[in-house]
Amino acid sequence: MRHPHYQAPPVTRRDMLKTCGCGFGGLALSSLLQQDLLAAQDNPLAPRAPHFAPRAKRIIFLHMHGGPSQHDLFEYKPLLVRDDNKPLPFAKPDVQFNETGNLFKSPWEFRQHGQSGHWVSELLPHLAGVADDLCFVRSMYGTNAAHGGAILAMNTGSDRFVRPSMGSWISYGLGTENENLPAFITICPSYQHGGVQNYSAAFLPAAYNGTAIGNTRMNTAEATIDFLENQAVSPGVQRAEVDLLQRWQRRQLASTGPDLALEGRIESYELAFRMQTEAPEVMSVDGESEATRRLYGLDDPVAADFGLRCLLARRFSESGVRFVQATHGPDTKWDHHSGLITGLPRSCAEIDRPVAGLITDLKQRGLLDETLVLWGGEFGRTPGAEAGARNGRDHNPHGYTMFMAGGGVKGGHSYGRTDDYGYYAIENKVHIHDLHATILHLLGLDHERLTYRSQGRDFRLTDVAGVVVEDILA
């Protein structure tokens with residue numbers, strides 16, 4: 001695949017011989033000039049230089065599936081407390097997912113933490129302890145109030161069309177730091193609300209597709225990469241089989257010309273063979289110290305499952321995987337239309353120690369400065385209670401909170417603001433395209449230059465929008 005500074009359909013030696021009208025001297029010169037291109041075609045995941053000096057080398061995205069309630073976690077609004085159970089004093093959106101009633105103050109107390117003074121709910125005591133490492137974006141907004149569209153937008157930049165996922169774009173732009181592992185790993189992804197499209201390469205070459213470890217409905221300790229081990233055949237025999245298959249497939253390519261599907265299979269077989277030597281070791285946490293296991297909450301039956309996902313995320317990231325996503329589920333774990341008072345404390349207890357532990361562990365290992373950690377869901381929740389009971393909140397894409405840590409962002413910083421009740425983003429608004437542009441910028445990629453031509457047009461993660469949020473950059 002061609003270098004991401006400019007993307008066009010792959011040029012093969014066969015195509016050059018077919019179309020080149022010059023003599024063999026010119027053909028030889030063209031061949032020399034194409035040397036880097038041909039090398040990239042042989043290994044599409046080879047490391048590539050970014051557009052400019054990066055602040056981060058890799059990213060870990062902790063996806064909270066369902067839409068966490070910012071009003072009960074990070075957004076302390078005194079007027080929401082004062083006006084509890086009163087009507088919202090301004091108009092609600094024309095289109096709402098469900099009907100909501102009067103204002104609903106958080107049932108939990110908030111306190112300020114660290115030198116930054118970040119407001120954090122009592123439900124997240126461990127994250128409160130790393131408040132000065134967190135960079136809050138409090139003015140996120142989107143346009144889709146349904147889980148499926150909003151999750152697709154978060155992961156691919158589009159809520160309507162099949163597009164490559166963020167991890168695929170980053171893999172395409174930078175390649176991998178470890179040739180024995182994929183550039184993009186997704187740990188226990190959900191098959192709901194877009195399913196595999198959320199980690200698909202779409203029309204990008206298949207090598208940039210995310211590799212799934214299990215799914216969000218299974219216990220993480222039992223999750224694995226499908227068909228990772230072959231105990232029936234020795235590695236030597238497997239190598240011979242792969243080599244024979246490669247010769248047949250490359251002979252087919254020489255006959256037919258470029259074929260992204262076939263090229264993707266060639267690359268996937270080769271990577272799958274190499275992964276057998278390294279992936280099992282990375283996925284085994286037996287060698288981790290007891291202190292590290294406690295840090296991630298593996299000694300706590302409530303936190304242990306997501307704690308293992310976070311620990312695996314650190315291990316894959318440390319091993320050179322560019323983009324690691326860990327999903328907290330199953331499915332709509334944070335979708336508290338009802339049952340908020342009992343359900344939200346449980347969700348928080350499952351992720352509080354693991355997320356704080358991940359940030360602390362990366363910092364202790366000297367990895368946080370070069371690893372961007374992103375936390376958040378597909379949208380937030382309404383300040384008003386779900387109609388019929390004061391025990392839940394509706395979807396709210398108009399103003400919500402996410403946070404980042406490490407990777408070139410300002411720790412202890414807060415950016416943007418919602419209105420006094422936390423319904424609409426009103427100051428320094430950040431659309432998902434802006435978030436994607438900023439993430440790519442932190443990785444040294446210009447979101448307007450990272451393009452791929454498909455069906456006659458150039459595509460990019462941020463479509464035709466996106467502005468880098470300069471004020472959160474360290």
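Numbers given to residues run from 1 along each chain, matching the order in which its sequence is written. In keeping with the model being predicted, local features are shown solely for residues with a pLDDT of at least 70 and side-chain atom pairs are shown and tallied solely at 80 or more, while totals for entire chains, interfaces and linings include all residues. Water and hydrogen atoms were dropped before computing side-chain values, which therefore reflect all heavy atoms in the structure.

**Student:** Please set out the overall build of the chain residue by residue, giving values where relevant.
**Tutor:** When you go through the chain residue by residue, the secondary structure sums to 13 helices and 18 strands. Every one of the 474 residues in the chain was classed for burial, and the buried ones make up 57%. Contacts were defined at the residue level, with two residues in contact if any of their heavy atoms lie within 4.5 Å. Nonlocal contacts in the chain, meaning residues at least 24 apart in sequence, comprise 79% of its contacts between residues at least 6 apart. Using the Shrake-Rupley algorithm and a 1.4 Å probe, accessible areas are obtained, with residue cover drawn only from the displayed protein chains. Carbon and sulfur atoms make up 51% of the accessible area of the chain, which totals about 19700 Å². Numbering of helices and strands runs from the N terminus, with a helix taken as a DSSP run of H or I at least four residues long and a strand as a DSSP run of E at least two residues long. Accessibility here uses a 1.4 Å probe with only protein chains present; expressed as a share of the type maximum, an area under 20% marks a residue as buried, one over 50% as exposed, and anything in between as partly exposed.

**Student:** I'd like to hear about helix 12 (residues 340-364), residue by residue, with values.
**Tutor:** For a helix, the expected span equals 1.5 Å multiplied by the residue count minus one. If you check helix 12, its first and last C-alpha atoms are 35 Å apart, about what 25 residues at 1.5 Å a residue would give, namely 36 Å. A residue's bend is given by the angle between axes fitted to the 7 residues ending at it and the 7 residues starting at it. Of all the bends in helix 12, the largest measures some 30° and sits at Ile351, one to four residues before the proline Pro354.

**Student:** So what's going on with the sheet that holds strand 2 (residues 100-103)? Residues and values would help.
**Tutor:** Two strands are said to pair when DSSP picks up at least two bridges between them. Strands sit in the order 2-10-11 across an open sheet of 3 strands; the sheet is antiparallel. Each end of this open sheet is capped by a strand with a single partner; those strands are strand 2 and strand 11 (393-396). Averaged over all pairs of adjacent strands, the angle between strand axes in this sheet comes to 60°, irrespective of strand direction. Bridge count between strand 2 and strand 10 (residues 380-386): 2 bridges; the pairing is antiparallel. Axis angles are defined between N-to-C directions and span 0 to 180 degrees, where every axis is a line fitted to C-alpha atoms and, for a helix, only to the segment in contact.

**Student:** Mind laying out the packing of aromatic side chains, listing which residues take part and the relevant values?
**Tutor:** Ring pairs are drawn from Phe, Tyr and Trp, using the six-membered ring of Trp, whenever the two centres fall within 6.5 Å, and their geometry is named by plane angle: stacked under 30 degrees, edge-to-face over 60, tilted for the rest. A complete count under the given rule lists 17 aromatic pairs for this structure. When the centroid spacing of 5.0 Å and the interplanar angle of 20° are considered together, the rings of Tyr423 and Tyr424 count as stacked. The exposure class assigned to Tyr423 is buried, which follows from its relative accessible area of 3%. Ring pairing ties together the aromatic residues Trp169, Tyr172, Phe203, Tyr208, Tyr452 and Phe459, which thus form one cluster. Comment: the charge-over-ring label is applied if NZ (Lys) or CZ (Arg) is within 6 Å of the ring centre and within 35 degrees of the ring normal. Over the aromatic face of Phe136 sits the side chain of Arg138, whose NZ or CZ is 4.5 Å from the ring centroid.

**Student:** I'd like to hear about unusual backbone geometry, residue by residue, with values.
**Tutor:** If a residue is not glycine, its phi is most likely negative; likewise, a peptide bond is most likely trans. Even without being glycine, Ala202 reaches a positive phi, approximately 50°. Note on Ala202: relative accessible area 32%, which makes it partly exposed. Positioned with a positive phi, Asn428 is a non-glycine residue whose angle comes to about 50°. Within the secondary structure, Asn428 sits in the loop between strand 15 (425-427) and strand 16 (430-431). The partly exposed category is assigned to Asn428, whose relative accessible area is 38%.

**Student:** So what's going on with the environment of Ser414? Which residues, and what values?
**Tutor:** As for its position among the elements, Ser414 is in strand 13 (residues 413-415). Judged by its relative accessible area of 35%, Ser414 falls in the partly exposed class. The sequence separation of Ser414 and His118 amounts to 296 residues, and the corresponding C-alpha distance is 7.9 Å. If we skip the residues at most four places from it in the chain, Ser414 touches His118, Phe136 and Arg138. Under this definition, polar contacts are N or O atom pairs within 3.5 Å; protein pairs additionally need one hydrogen-donor-capable and one acceptor-capable atom, and for neighbouring residues in sequence, both atoms have to be side-chain atoms. A distance of 2.7 Å separates the side chain of Ser414 from the side chain of Arg138, its partner in a polar contact.

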